[in-house]
Amino acid sequence: MKYPVLAGGIAVSTSPSGTVKSMVQLVPTNIDKLGAASAMSGSKRYELADDMQVYLWYKGQYYATTLSQVNAEDYHLIGWYDSLGCAAGGKIRVLIAVKND
């Protein structure tokens, strides 16, 4: 079964058996500063999810990487966060890094 997705990403929550429990549309934001547990977009601070996924975008392809391999000086960073209004929401779930030319 296909799920409609707006431009951008989704976060999927699964049960231990692997079935989909819920899906949430993620919202993009440009990241100016990046720390070990948080990111800044202008004056807005976002926590990084413990299970955040980090990808390098290079020549039209995504490559899995780690947070320690990217920074806000050498890469243009786009964080995708969920806009859930609960205590567990508002965290960066996916980080995309594009090397500055």
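Everything below is about the structure shown above.
### Describing the environment of leucine 95
Locating leucine 95 in the fold gives a position in strand 8 (residues 92-99). Separated by 28 residues in the primary sequence, leucine 95 and leucine 67 place their C-alpha atoms 8.5 Å from one another. What leucine 95 contacts, discounting residues up to four positions off in sequence, is Ile31, Leu34, Met52, Gln53, Val54, Tyr55, Leu67, Val70, Leu77, Ile78 and Gly79.

### Some words on the side chain of serine 41
Positionally, serine 41 belongs in strand 4 (residues 38-41). Residue class for serine 41 comes out buried when judged on its relative accessible area of 17%. There is a polar contact of 2.7 Å between the side chain of serine 41 and the side chain of threonine 29. Side-chain polar atoms of serine 41 contact the backbone oxygen of asparagine 30, separated by 2.7 Å. Not counting the four nearest positions on each side in its chain, serine 41 is found in contact with Thr29, Asn30, Asp32 and Tyr46.

### Structural notes on the nonpolar core
Counting 14 residues, the largest nonpolar core has Ile31, Met52, Val70, Leu77, Ile92 and Leu95 as its most contacted members. For this core, the secondary-structure elements that each account for two or more residues are strand 5 (44-58), strand 7 (75-82) and strand 8. A per-element tally of this core places strand 5 first, with 5 residues. Apart from residues no more than four positions distant in its own chain, leucine 77 is found in contact with Thr29, Asn30, Ile31, Leu34, Val70, Asn71, Ala72, Leu95, Ile96 and Ala97.

### Some remarks on the packing of aromatic side chains
Counted under the stated rule, the structure contains 3 aromatic pairs. Both rings, one in tyrosine 55 and one in tyrosine 62, keep their centres 6.3 Å apart while their planes meet at 75 degrees; by these two values the pair is edge-to-face. Judged by centre distance (4.6 Å) and plane angle (55 degrees), the rings of tryptophan 57 and tyrosine 62 are tilted. Connected via pairs of aromatic rings, a cluster forms that spans Tyr55, Trp57 and Tyr62.

What counts, and at which threshold
- Residues numbered from 1 in each chain as written.
- Predicted model: local features only at pLDDT ≥ 70, side-chain atom pairs only at ≥ 80, totals over all residues.
- Heavy atoms only, no water.
- Helix = DSSP H or I, 4+ residues; strand = E, 2+ residues; numbered from the N terminus.
- Contact = heavy atoms within 4.5 Å.
- Buried < 20%, exposed > 50% of the residue type's maximum accessible area, 1.4 Å probe, protein only.
- Polar contact = N/O pair within 3.5 Å; in protein donor to acceptor, adjacent residues only side chain to side chain.
- Core = buried A, V, L, I, M, F, W, Y, C linked by side-chain atoms within 4.5 Å.
- Phe/Tyr/Trp six-rings, centres within 6.5 Å; stacked < 30°, edge-to-face > 60°.

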